[in-house]
Amino acid sequence: MSRQTILIPDPSASDKYGITERKKQEIDFLTQEVLNAQNEVEQYQAIVDSLTEKSTKLQTELATAEANKTQALNNKNAVDNVINNAKDLYESSGVTYQEAATAEDKIKTVATEINTVINKLIYSAEVINKLSNAVIRKKAINPLISDELISMVTKADSDANNAVALTLVALESVFASQASTIESKSALSLELLQATKLYEFIIGEEIDNVENEISSSKKSLKKYLYDAYDITSNIYEEILAASNDTTSQLNATKNSLSKAQVNLKSLQSGLAAANAAALAS
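*Asks:* If you had to explain the overall build of the protein to someone new, which residues and values would you point to?
*Replies:* Scanning the protein from N- to C-terminus turns up 3 helices and 2 strands. Moving toward the C terminus, one meets the helices and strands of the protein in the order α-α-β-β-α. Each of the 281 residues in the protein was classed as buried or not, and the buried ones make up 23%. Pairs at least 24 residues apart make up 80% of the contacts formed inside the protein by residues separated by at least 6 positions.

*Asks:* Can you tell me about the nonpolar core, naming the residues and giving the values?
*Replies:* The biggest cluster of nonpolar side chains holds 14 residues, and the ones touching the most others in it are Val34, Val41, Leu264 and Leu271. Elements that contribute at least two residues to this core include exactly α1 (11–141) and α3 (221–280). Contacts of leucine 264, omitting those with residues within four sequence positions, involve Val34, Ala37, Gln38 and Val41. Counting residues in hydrophobic clusters, the runner-up holds 11 residues, among them Ile83, Tyr90, Tyr199 and Ile203.

*Asks:* With reference to specific residues and values, describe a nonpolar patch on the surface.
*Replies:* Residues Phe201, Leu221 and Tyr224 make up a contiguous nonpolar surface patch of about 350 Å² in total accessible area. Structurally, the position occupied by leucine 221 is in helix α3. On the basis of relative accessibility, which here comes to 32%, the residue leucine 221 falls in the partly exposed class.

*Asks:* Explain the pattern of salt bridges to me, and be specific about the residues and the numbers.
*Replies:* Side-chain pairs of opposite charge can arise whenever the charged atoms involved come near each other. Tallied over the entire structure, the rule returns 3 salt bridges. A salt bridge links lysine 197 to glutamate 200; its shortest N-O distance comes to 3.7 Å. Taken together, the positions of lysine 197 and glutamate 200, both in helix α2 (residues 147–203) and 3 residues apart, correspond to about one turn of that helix.

*Asks:* Please give an account of the side chain of threonine 196 that cites residues and values.
*Replies:* Relative to the helices and strands, threonine 196 is located in helix α2. Polar side-chain contacts of threonine 196 include one of 2.7 Å to the backbone oxygen of leucine 192.

*Asks:* Could you give an account of the confidence of the model for the protein, naming the residues involved and the relevant values?
*Replies:* The predicted model of the protein has a mean per-residue pLDDT of 81, with 87% of residues at 70 or higher. α3 holds the highest mean pLDDT among the elements of the protein, 92, whereas strand β2 (residues 214–216) holds the lowest, 42. When the criterion is pLDDT under 50, residues 1–11 qualifies, and its contacts beyond four places in sequence or with other chains add up to 0 contacts. Counting contacts from residues 209–217, a segment whose pLDDT is below 50, to residues more than four positions away or on other chains yields 13 contacts.

*Asks:* Residue-level account of the environment of serine 220, with values.
*Replies:* As for its position among the elements, serine 220 is in the loop between β2 and α3. By relative accessible area, which is 11% here, serine 220 ends up buried. When the C-alpha atoms of serine 220 and glutamate 200 are compared, they prove to be 8.3 Å apart, with 20 residues separating the residues in sequence. Contacts of serine 220, omitting those with residues within four sequence positions, involve Phe201, Ile202, Ile203 and Gly204.

Procedures and definitions
- Residues numbered from 1 in each chain as written.
- Predicted model: local features only at pLDDT ≥ 70, side-chain atom pairs only at ≥ 80, totals over all residues.
- Heavy atoms only, no water.
- Helix = DSSP H or I, 4+ residues; strand = E, 2+ residues; numbered from the N terminus.
- Buried < 20%, exposed > 50% of the residue type's maximum accessible area, 1.4 Å probe, protein only.
- Contact = heavy atoms within 4.5 Å.
- Core = buried A, V, L, I, M, F, W, Y, C linked by side-chain atoms within 4.5 Å.
- Patch = residues over 30% accessible without salt bridge, like charges linked within 9 Å, V, L, I, M, F, W, Y side chains within 5 Å.
- Areas by Shrake-Rupley, 256 points an atom, 1.4 Å probe, with all protein chains shown as cover.
- Salt bridge = Lys/Arg side-chain N within 4 Å of Asp/Glu carboxyl O.
- Polar contact = N/O pair within 3.5 Å; in protein donor to acceptor, adjacent residues only side chain to side chain.
- pLDDT = per-residue confidence, 0-100.

Encoded structure:
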């Protein structure tokens, strides 16, 4: 009989093969984990870069919006001052015009009264003149009429004529004053009209001088500048909210990126250690 050789497996070789496979599987697993972690870091980094760019852009837009809002506020305050000045001008023009109208009415009254006085003086002067002429004629007929009486009626006649002349001068002065007042009133009327139109244009309201009522108008300098301030304020608030939200997202993403980077470094260290162990075995 021939002898047969029986091969008996070496237990140590089987164990060594199993360990090598496990290490390889561990290294493959760690390698995949590192790749996943790197991908996660890259994703977070891309988001951080995008949010950083967006945040920078929003900060620029916010600065512009704030400058526009400030300018609009200054314009709004300026138009408020203009409105107050225009209102003062309108009201003072109205008062001055009313005073001129009152003065004109008074001058008319004075002119009427002086005219009445003149008519009476003229009548009196005519009576005195007739009386003086009659006395003088009687004196020529009757020498007994005293010279003193003749002097008195002559003086009375002269005084009456002087009174009429002086009153006529006064009436002419009143007429001149009346003409000046009418001219002033006309100028003040134009000033009041212009002041009223200016005030109406700024506030966008039509003033009824009779009933002192106000009706709304859609277009005005006041409304335009007030609307501009409201619009710029709303834009500023919207950009501010977007900027704050982006900043919040950026901070949260940076935090996640930091954690992902720490995790990646930990996995890379683990993989390096596994590779070193595998080479040493």
